[in-house]
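Each chain, written out:
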Amino acid sequence: MPGLNAEFIPPARPVIGEAEIEAAVRVLRSGMVVQGPEVAAFEQEFGELVAGRHCVAVNSGTSALQLTLMALGFGPGDEIIVPSFSFAASANAVRLVGAEPVFVDIEPGSFCVDPAAVEAAITPRTVAIMPVHLYGHPAAMDRIMAIAERHSLAVVEDAAQAHAAALNGQPVGSFGTAGCFSFYPTKNMHSLEGGMITTADAGLARTLRLLRNQGMEQRYANEIVGANMRLTDVAAAIGRVQLTQLPEWTEQRRANAKFLDSRITGMVTPPVADAAKHVYHQYTVRVTGDRDAAQRKLTELGIGNAVYYPTPIHRLIPYLVDGKPGPWDLPETEKAAAEVVSLPVHPSLSPADLERIADAANIAGGAA
């Protein structure tokens, strides 16, 4: 078993190849670098990933969430249901428009929002549900959409980690009122930085295009108050290259996860719900013993690892109530935050890397 002298296997490895570099240089030489033909082409091509929905490219996944909530008219006095077990951006976008996040618990298997908890949290002030397709596993969108329909609520999918994930053959980002993706460098595909909003509503798509560009579709003909959240053509060109490779990378991630599932016995491997296509942005296991000890052993053995996320959003400083966590009863969220560890699963891993990861996980699990 390789030890301290073995090459370190990073938890993530962004891909920037010659094709991405050539695409960026091509755009720079063209002189059309912001909100030009590359962005339009990227939007069109990304639409094929989300059942032909309208796509609006923006400068980050957080901007995608914020602009969507703005375009839907949400603000002070409104409540939006959000899982606390997520990256803070999910709730930050809610606060940025003046609305209030209402935190709910997760299902222990998928790490995604529990539909029963969602329905129990609905009040007369609730305007939307924000399911997060965490780690690349689709949330239970069939049940969530049924709840939203019964209560006349919008659904904004946080699909930042779930490019090409699906449930019952339907891609994430094509269920709700809108879907929001991130193209941060460690995501399953990237554009160095960027985001995409998907929607079946042409009117909403137009409002989003206005909002990202100072409220104007034609130069100096401002129609509404907007922001500057445009995507550059350099980023779009890189995203277009990455998009062509996403199917291959997705299948490699899934194959890597399948191998790890078959070999890891010292930790609890991630289950996959029936009819769900998991795309493994993260391969997240549970450590039921001493997680800190397990992580130290993994690091000693040269295996990169991380905890996503050690502190649930409702326990972060901006979301405390009078200096304490609010009135949230989230036992599965607290348990997950105390147990999860993500191991490398990215498509750059070799067969030897995967053997080392599995062996190290079994040793670390025994050390926990």
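What comes next is a walk through the structure. (Residues numbered from 1 in each chain as written. Predicted model: local features only at pLDDT ≥ 70, side-chain atom pairs only at ≥ 80, totals over all residues. Heavy atoms only, no water.)

**A few points about helix α4 (residues 89-96)**
Alright, step 1. All buried positions along α4 are accounted for by Ala89, Ser90, Ala91, Ala93 and Val94.
Alright, step 2. The secondary structure elements touched by the buried residues of α4 are α3 (61-71), β2 (79-83), β3 (100-104) and β5 (154-158).
Alright, step 3. At the C-terminal side of α4, Gly98 shows a positive phi close to 90°. (Buried < 20%, exposed > 50% of the residue type's maximum accessible area, 1.4 Å probe, protein only. Helix = DSSP H or I, 4+ residues; strand = E, 2+ residues; numbered from the N terminus. Contact = heavy atoms within 4.5 Å.)

**A look at the sheet that holds β5**
The strands making up a sheet are joined through hydrogen bonds of the backbone, oriented either antiparallel or parallel.
Alright, step 1. Across the sheet, which stays open at both edges, the seven strands sit in the order β1-β9-β8-β5-β4-β2-β3 with mixed pairing between neighbours. Unpaired on one side and paired on the other, β1 (54-58) and β3 mark the two borders of the sheet. Adjacent strand axes in the sheet meet at a mean angle of 25°, parallel and antiparallel pairs treated alike.
Alright, step 2. Of the strands in this sheet, β4 (126-129) and β5 are in contact with helix α6 (residues 141-151), which crosses β5 at around 150°.
Alright, step 3. Where helix α7 (residues 202-212) meets the sheet, it contacts β1, β8 (178-182) and β9 (195-199), and its direction lies at approximately 15° from that of β1. (Pairing = 2+ DSSP bridges. Axes fitted to C-alpha atoms, helices over the stretch in contact; angles between N-to-C directions.)

**Remarks on a nonpolar patch on the surface**
Alright, step 1. Taken together, the side chains of Ile16, Ile21, Val25 and Leu192 make up a nonpolar region of the molecular surface, amounting to roughly 310 Å² of accessible area.
Alright, step 2. Within the secondary structure, Ile16 sits in the segment before α1 (18-30). (Patch = residues over 30% accessible without salt bridge, like charges linked within 9 Å, V, L, I, M, F, W, Y side chains within 5 Å. Areas by Shrake-Rupley, 256 points an atom, 1.4 Å probe, with all protein chains shown as cover. Salt bridge = Lys/Arg side-chain N within 4 Å of Asp/Glu carboxyl O.)

**Describing the pattern of salt bridges**
Alright, step 1. By the definition in use, this model includes 17 salt bridges.
Alright, step 2. A salt bridge links Arg95 to Glu100; the nearest nitrogen and oxygen atoms lie 2.9 Å apart.
Alright, step 3. In this structure, the salt-bridge partner of Arg254 is Glu251, at a minimum N-O distance of 3.7 Å. Taken together, the positions of Arg254 and Glu251, both in helix α8 (residues 233-263) and three residues apart, correspond to about one turn of that helix.
Alright, step 4. Using a relative accessible area of 29% as the deciding quantity, one classes Arg254 as partly exposed.
Alright, step 5. Residue Glu251 is classed as partly exposed on the basis of its relative accessible area of 42%.
Alright, step 6. In this structure, a network of salt bridges that share partners links the residues Arg26, Glu38, Glu45 and Arg240.

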